[in-house]
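Listed below, chain by chain, are the residues.
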Amino acid sequence: MSATDTAGSTALAAAAAGRDAAAGSAAASTSVNLQQILREADIQSVIDQLDAELVGLAPVKARIREIAAFLVVSRARAALGLEAATPSLHMCFSGNPGTGKTTVALRMAEILHRLGYVRKGHVISVTRDDLVGQYIGHTAPKTKEILKKAMGGVLFIDEAYYLYRPENERDYGQEAIEILLQVMENNRDDLVVILAGYKDRMDTFFQSNPGMSSRIAHHIDFPDYSEPELLQIAGKMVGAMNYRLDAEAGQAMDDYIRLRKQQPHFANARSIRNALDRARLRQANRLFDSAMRGSAEVSAEELSTLSAADIRASRVFDGGLAGNKK
């Protein structure tokens, strides 16, 4: 074989090897390992943290898992060139106060960040006052400044329906809504907006603002907590504060929850936290009075124990109604 033939054979072999390598690469690019995506993003740890933080809310947790699964699959599709555009991830959390909406928003931001849908994963929580100005030319810079801070993360707008006040012709909320709509559409690969509030008011808000409704991809309803769930929440809160309820206090707290739920302005876990804060004040006052009467020594157990009297001193047990939340 001549030198020319040898060189030609070598070139053909190299070309064949190149084709084989390219074919192998193409074959590899037709599949993706979902378990690897899950391991790298460690989504399960976020879901586990959400389970640990929040009692109950089974429907909410199920929806978060569904959205997480959707995001994982979308990321896999993008890796194979199957995803044409970033999916719309703007959300609405509807429910009564104290049902965990802010906590879920924080965990959702973490999931979005871990999967690469937002750059930072921080949450900027605002209300109408942070977005809407009081005079002409004031709203646009306020809204844009908030959006600038939220870019790369999640903008959580609580009681979002207050942005729209049709009864006031001089209200500037509509201007804020229009700016939000534009950014939600044009920057959805760098910002996720979560609107939150009472369900009936959010429904009315969307009916009045179809442009906003069409941009919300996920609606999650947060149910009220049951009485046993609220008692469990109380136990978790007490433990987190390094306190404990004695046996009689546990029963008193159960009675408090039953009565408080029947009164106006009940705010689920938020009302339970407020009740415990006031019980701690009463316990401190009780120990202080004891010290003033000459009992100077106090044990760690006494400092850490809430008694039934600390709970039952609430005006809720006297039949207090609106405004009486003690």
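This structure is a prediction, so every number in the text was calculated from the model and none was measured.

**Considering the overall build of the protein**
Scanning the protein from N- to C-terminus turns up 15 helices and seven strands. Per-residue burial over the protein gives 39% buried out of 326 residues. Taking the contacts inside the protein whose residues are at least 6 apart along the sequence as the reference set, 77% of them involve residues at least 24 apart. Accessible area of the protein: about 17100 Å², with a carbon and sulfur share of 52%.

**Quick look at the pattern of salt bridges**
Scanning the entire structure with this criterion turns up 16 salt bridges. Of the charged contacts in the structure, one is a salt bridge between D190 and R119, with a shortest N-O distance of 2.7 Å. A residue pair is termed long-range when its members are at least 10 positions apart, and D190 in the loop between α8 (173-186) and β4 (192-197) and R119 in the loop between α5 (101-114) and β2 (123-126) qualify at 71 residues. Taking the relative accessible area as the measure of exposure, D190 reaches 15% and is therefore buried. Residue D255 is joined to R258 by a salt bridge in which the shortest nitrogen-to-oxygen separation is 3.6 Å. Placement of the pair is D255 and R258 together in helix α12 (residues 247-260), with a separation of three residues, close to one helical turn. Overlapping salt bridges, with partners in common, bring together D42, E53, R107, E110 and R114 in one network.

**Remarks on the sheet that holds strand β5 (residues 218-222)**
With respect to topology, five strands assemble into an open sheet ordered β2-β3-β4-β1-β5, the strand pairing being parallel. Sheet topology places β2 and β5 at the edges, where each strand pairs with a single neighbour. Each neighbouring strand pair of the sheet contributes to a mean axis angle of 20°, computed without reference to strand direction. In this sheet, β5 lies alongside strand β1 (residues 91-95) in parallel orientation, the contact comprising five bridges. Pairing of S94 across the sheet is with D221, part of β5. On top of the sheet, α5 reaches β1, β2, β3 (154-158), β4 and β5; it is set at about 160° to β1, its chief contact.

**Considerations on the confidence of the model for the protein**
Summing up the model confidence of the protein, the mean pLDDT is 87 and the portion of residues at 70 or higher is 88%. Note on residues 1-28: pLDDT is under 50 here. Beyond four places in sequence and across chains, it has two contacts. Scored below 50 in pLDDT, residues 321-325 makes 11 contacts in the model with residues more than four places away or belonging to other chains.

**Some words on the packing of α12 against helix α13 (residues 269-292)**
At a minimum axis separation of 12 Å, α12 and α13 run at an interaxial angle of 130°. Classed by the angle they form, the pair α12 and α13 counts as oblique. Relative to α13, α12 is oriented so that their crossing is right-handed. Two secondary-structure elements touch here, α12 through M253, Y256, I257 and R260 and α13 through S271, I272, A275, L276 and R278.

**A closer look at α12**
Counted at 1.5 Å a residue, the expected span for α12 with its 14 residues is 20 Å, and the 20 Å between its end C-alpha atoms agrees. Those residues of α12 that fall on the buried side of the exposure criterion are A249, A252, M253, D255, Y256, I257 and R260. Elements that come into contact with the buried residues of α12 comprise α11 (227-240), β6 (244-245), α13, β7 (305-306) and α15 (308-312). One side-chain oxygen at the N-terminal end of α12 lies 3.2 Å from the backbone nitrogen of E248; it belongs to D246.

**Structural notes on the nonpolar core**
Membership of the largest hydrophobic core comes to 58 residues, with the highest contact counts inside it found for F93, L112, L115, M253 and L276. No other element matches helix α4 (residues 58-79), which puts seven residues into this core. Non-local contacts of L115, meaning those with residues more than four positions away in its chain, are made with I37, A41, I43, A68, L71, V72 and R75. In terms of nonpolar packing, the next biggest core, distinct from the first, is built from 31 residues, C92, Y172, M202 and F205 among them.

**Quick word on the side chain of N209**
Positionally, N209 belongs in the loop between α9 (199-208) and α10 (210-215). Using a relative accessible area of 5% as the deciding quantity, one classes N209 as buried. Look past the residues within four positions of N209 in its chain and what remains in contact with it is Y164, Q174 and I177.

**Brief notes about the environment of P97**
Following the sequence through the fold, P97 ends up in the loop between β1 and α5. Once residues lying within four places of it in the same chain are set aside, the contact partners of P97 are Y198, A267, N268 and R270.

**Quick word on the pairing of β2**
Residue alternation in β2 divides its side chains into a buried set, I124 and V126, and an unburied set, V123 and S125. Here β2 pairs with β3 via four bridges, running parallel. Its bridge partner lying in β3, V126 is registered against I157.

Conventions used here
Residues numbered from 1 in each chain as written. Predicted model: local features only at pLDDT ≥ 70, side-chain atom pairs only at ≥ 80, totals over all residues. Heavy atoms only, no water. Helix = DSSP H or I, 4+ residues; strand = E, 2+ residues; numbered from the N terminus. Buried < 20%, exposed > 50% of the residue type's maximum accessible area, 1.4 Å probe, protein only. Contact = heavy atoms within 4.5 Å. Areas by Shrake-Rupley, 256 points an atom, 1.4 Å probe, with all protein chains shown as cover. Salt bridge = Lys/Arg side-chain N within 4 Å of Asp/Glu carboxyl O. Pairing = 2+ DSSP bridges. Axes fitted to C-alpha atoms, helices over the stretch in contact; angles between N-to-C directions. pLDDT = per-residue confidence, 0-100. Parallel < 35°, antiparallel > 145°, perpendicular 65-115°, else oblique. Left-handed = near helix turned anticlockwise from the far one by under 90°. Expected span 1.5 Å × (residues − 1). Polar contact = N/O pair within 3.5 Å; in protein donor to acceptor, adjacent residues only side chain to side chain. Core = buried A, V, L, I, M, F, W, Y, C linked by side-chain atoms within 4.5 Å.

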